[in-house]
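One-letter residues, chain by chain:
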Amino acid sequence: MIYSCVTDRGRKRPVNEDACYVCKPDDNSCVAVVCDGMGGENAGEVASGLAVKIISERINNGWRKDMPFSSVRALFESAISAANAVIGSEAEKNISCKGMGTTVVAAAVIGSEAVIAHAGDSRCYVFDGKLRRVTKDHSFVQELVDAGRLSEEEAAGHPKRNYITRALGINDTIDVDYDILTLQPGELLLLCSDGLYNFVGNDEAEEILRSFPIKDAAERLAAAANKNGGGDNITAVVISPAQGE
């Protein structure tokens with residue numbers, strides 16, 4: 001497995017409320033988590049940091065080499081549910097964290113197969129020369145698109161495009177979507193927060209992914225987002241199932 005990962009404050013936000021984690025639990029696997037926090041003061045940073053910490057710890061403790069995807073999904077479900085509970089509890093105990101929450105998009109790649117978990121508007125894409133979005137945003141504008149009231153182009157510039165409808169820490173339970181993918185030779189996974197895709201269009205992202213090695217790709221994507229305004233925190237993880245470094 002080859003991967004690159006970067007999280008960046010961007011050019012306009014005072015703190016980075018994104019958080020991410022990537023590891024190779026064995027020589028044939030890669031696990032990644034991207035969270036984008038929200039809330040007053042530094043609460044978004046607290047929520048995303050807690051989510052990444054808890055999810056990564058649960059995955060590391062429960063991981064077994066060559067485990068079936070049913071077990072990987074169950075591990076994600078347990079980890080994300082635990083993170084949801086801890087964030088909610090912390091928000092209740094600490095007045096400065098009231099209302100905090102975080103998106104999550106996570107991937108476990110085993111060989112050429114991948115399981116994706118997500119809640120909120122952080123995304124997973126497959127890149128095969130072109131970017132194909134795997135996840136569907138849990139957001140107000142996505143609901144308008146699904147209802148035929150907005151086009152994808154209109155949604156991209158809508159003033160309420162950042163209103164998400166699912167987040168960890170908001171309710172006692174969290175509804176998470178899951179996808180299982182088979183990656184073809186040469187295909188990559190891109191996990192990212194909205195600070196990347198809102199500032200780097202598909203054409204520019206595709207050119208970067210075509211032009212740079214995996215180890216440099218995430219940093220190049222973040223640099224492009226900053227060059228294009230950097231109006232939000234930026235996180236990108238690029239994963240290739242290919243062997244090597």
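All chains use their own residue numbering, which begins from 1 and follows the written sequence. Only residues with pLDDT of 70 or above have their local features reported here, since the model is predicted, and side-chain atom pairs are shown and tallied only from 80 upward, although totals for entire chains, interfaces and linings are computed over all residues. Excluding hydrogens and water, the side-chain values take into account all heavy atoms of the structure.

To continue, consider the overall build of the chain. Summing up its helical and strand segments, the chain has seven helices and 11 strands in all. C-alpha atoms define the radius of gyration, and 2.2 Å times the number of residues to the power 0.38 defines the globule rule. On C-alpha atoms alone, the chain measures out to a radius of gyration of 17 Å, which is about the 18 Å that the 2.2 N^0.38 rule sets for 245 residues. Taken over the C-alpha atoms alone, the chain extends approximately 45 × 40 × 35 Å along its principal axes. Within the span of the chain, comprising 245 residues, buried residues form 53% of the whole. Residue contacts are counted whenever heavy atoms from the two residues lie within 4.5 Å of one another. In the chain, the proportion of contacts linking residues at least 24 apart, taken out of those at least 6 apart, comes to 70%. Positive and negative side-chain charges in the chain, numbering 25 and 36 respectively, have mean positions lying 2 Å apart. The secondary structure listing takes helices from DSSP runs of H or I that are at least 4 residues long and strands from runs of E that are at least 2 residues long, numbered from the N terminus. Only protein chains enter the accessibility calculation, which uses a 1.4 Å probe; a residue whose area is less than 20% of its type maximum is buried, one above 50% is exposed, and one in between is partly exposed. The convention is simple: Lys and Arg are positive, Asp and Glu are negative, and His and the chain ends are not counted. To locate a charge, take atom NZ for lysine, CZ for arginine, CG for aspartate or CD for glutamate.

So, about the layout of surface pockets. Buried and open spaces are told apart on a 1 Å grid over the protein atoms alone, a cavity being a set of points where a 1.4 Å probe fits but cannot get out and a pocket being an open set with protein on both sides within 12 Å along at least five of seven lines. Residues with an atom within 4 Å of a point are the lining residues. Grid points are joined across faces, edges and corners, and a volume is the space filled by probe spheres set on the points. Size it by volume and the largest pocket reaches roughly 440 Å³. Around the largest pocket sit 20 residues that line it, and Arg123, Arg133, Glu152, Ala156 and Tyr197 are the ones nearest its centre. Only β7 (123-127), α3 (140-146), α4 (152-156) and α5 (194-197) provide two or more residues apiece to the lining of the largest pocket. Counted by class, the lining of the largest pocket contains six nonpolar, seven polar and seven charged residues. Counted as a void, the second largest pocket has a volume near 190 Å³. If you go around the second largest pocket, the residues you meet are Arg13, Glu17, Asp36, Gly37, Met38, Thr103, Asp121, Asn162, Ile164, Asp194, Asp232 and Asn233. Residues are grouped as follows: nonpolar covers Ala, Val, Leu, Ile, Met, Phe, Trp, Tyr, Cys and Pro; charged covers Asp, Glu, Lys and Arg; every other residue, Gly included, is treated as polar.

Relative to the helices and strands, serine 4 resides in strand β1 (residues 2-8). Since its relative accessible area comes to 5%, serine 4 is described here as buried. Contacts described as polar in this section are N or O atom pairs within 3.5 Å, which, within protein, must combine one atom able to donate a hydrogen with one able to accept it, while residues neighboring in sequence count only if both atoms come from side chains. A distance of 2.7 Å separates a polar atom in the side chain of serine 4 from the backbone oxygen of isoleucine 214. Each residue touching serine 4, except ones within four places of it in the same chain, is listed here: Ile214, Lys215, Ala217, Ala218, Ala236, Val237 and Val238.

Counting buried positions along β7 yields five of five residues, so the element is predominantly enclosed. Neither face of β7 is exposed, since Arg123, Tyr125 and Phe127 on one face and Cys124 and Val126 on the opposite face are all buried. For β7 and strand β10 (residues 188-192), the ladder comprises five bridges, and the chain directions are antiparallel. By the bridge assignment, tyrosine 125 is partnered in β10 with leucine 190. Two strands make a pair as long as DSSP finds a minimum of two bridges between them. The turn joining β7 and strand β8 (residues 131-133), which pair antiparallel and follow one another in sequence, is formed by three residues; a positive phi near 110° is taken by glycine 129.

The next thing to look at is the packing of helix α1 (residues 43-62) against helix α2 (residues 69-93). Angle between the axes and distance between the axes are the two parameters that describe a pair of packed helices. Direction vectors running N to C along α1 and α2 enclose 145°, while the axes themselves pass 9 Å from each other. Crossing hand, α1 versus α2: right-handed. Of α2, the residues touching α1 (which contributes Ala47, Leu50, Ala51, Ile54, Ile55, Arg58, Ile59 and Gly62) are Leu75, Phe76, Ser78, Ala79, Ile80, Ala82, Ala83, Val86, Ile87 and Glu90. Residues of the contact of α1 with α2, tallied by class, amount to 14 nonpolar, two polar and two charged. Note on geometry: axes are lines fitted to C-alpha atoms, helical ones only across the stretch in contact, with angles between N-to-C directions running from 0 to 180 degrees. In this scheme the crossing of two helices becomes right-handed for a clockwise turn of the near helix relative to the far one and left-handed for an anticlockwise turn of less than a right angle.

To continue, consider the sheet that holds β8. Strand order in the open sheet formed by five strands is β1-β11-β10-β7-β8, and the pairing between neighbours is antiparallel. One side of each edge strand has no neighbouring strand; the edge strands of this open sheet are β1 and β8. With direction set aside, neighbouring strand axes in the sheet form an average angle of 20°. Across three bridges, the pairing between β7 and β8 is antiparallel. Directly across from tyrosine 125, in β8, lies its bridge partner arginine 133. Against the sheet, helix α7 (residues 214-227) engages β1, β10 and β11 (234-240), with an angle of about 25° to β1.

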